[in-house]
Amino acid sequence: MRLIILIIVLLCFSNRTVGQVEDLETDSLLFWRSERKLIWDDFKGEVDDENYISAGAIIKAGITTVLEYWNGDIPVFRINSYMKKFDSWNKISDSLSLVHEQGHFDIYEIYARKIRKAYDSLNKQKVSDIKVYESICRKYMNKSSEINNLYEESNFSKRVQVEWSERISKELEELKNYEYGSNN
């Protein structure tokens, strides 16, 4: 029985620019892209058997929201889901475990899309109060943590993993309009 522990890293309202965040992708971060699934070589961290004795793999991932620019009084954000390569590790390499880890990563993307959708609505309503955006970010980050913890149960059953994979795929498809393209 493996225990996968997921740590959420949230960088809400970072002072870095989008370009600076994306420059890190090749070094230490892997940004979620529909055409790019995880491979075991993405897990570059050292195995931590001391703290995660029964874990076969750990993915450390999260969502960044970066204030990209102001459109008049309206803040425009860049929201990305990412994996921290050097904090994620594996000591197993079976395909079912990789599917499970991809599921965690996909859940972050679902909640990144939900944040994008909510922010888009706020922008259209011309909401300028940053605290409103921060509140939405916190709400969805808490929910993503909750769902990732629930998802952990799928790690122990192939049948439950299949059910979760179908649910995750469906939610990604329902929020497809809020997916960043390859060039974004």
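Note that this is a predicted model, so its numbers are computed, not measured. (Residues numbered from 1 in each chain as written. Predicted model: local features only at pLDDT ≥ 70, side-chain atom pairs only at ≥ 80, totals over all residues. Heavy atoms only, no water.)

## Concerning the overall build of the chain
Looking only at helices and strands, the chain features four helices and six strands. For the chain, the sequential pattern of α-helices and β-strands runs β-α-β-β-β-β-β-α-α-α. Across the 184 residues that make up the chain, the buried fraction comes to 48%. A separation of at least 24 residues holds for 79% of the contacts in the chain among residues at least 6 apart in sequence. Summed over all atoms, the accessible surface of the chain reaches about 9,600 Å², with 48% contributed by carbon and sulfur. (Helix = DSSP H or I, 4+ residues; strand = E, 2+ residues; numbered from the N terminus. Buried < 20%, exposed > 50% of the residue type's maximum accessible area, 1.4 Å probe, protein only. Contact = heavy atoms within 4.5 Å. Areas by Shrake-Rupley, 256 points an atom, 1.4 Å probe, with all protein chains shown as cover.)

## Let's talk about the pattern of salt bridges
Inspection of the entire model under this criterion finds twelve salt bridges. Among the salt bridges present, the one from E146 reaches K143, with a minimum N-O distance of 3.1 Å. Of this pair, E146 and K143 both sit in helix α3 (residues 130-151), three residues apart, roughly one helical turn. Residue classification places E146 among the partly exposed residues on the basis of a relative accessible area of 41%. Since its relative accessible area comes to 33%, K143 is described here as partly exposed. A salt bridge links K176 to E179; the nearest nitrogen and oxygen atoms lie 3.1 Å apart. (Salt bridge = Lys/Arg side-chain N within 4 Å of Asp/Glu carboxyl O.)

## A look at unusual backbone geometry
Here K126, not a glycine, exhibits a phi torsion of approximately 60°, which is positive. Locating K126 in the fold gives a position in the loop between α2 (95-124) and α3. Among the residues examined, K126 registers a relative accessible area of 61% and is labelled exposed.

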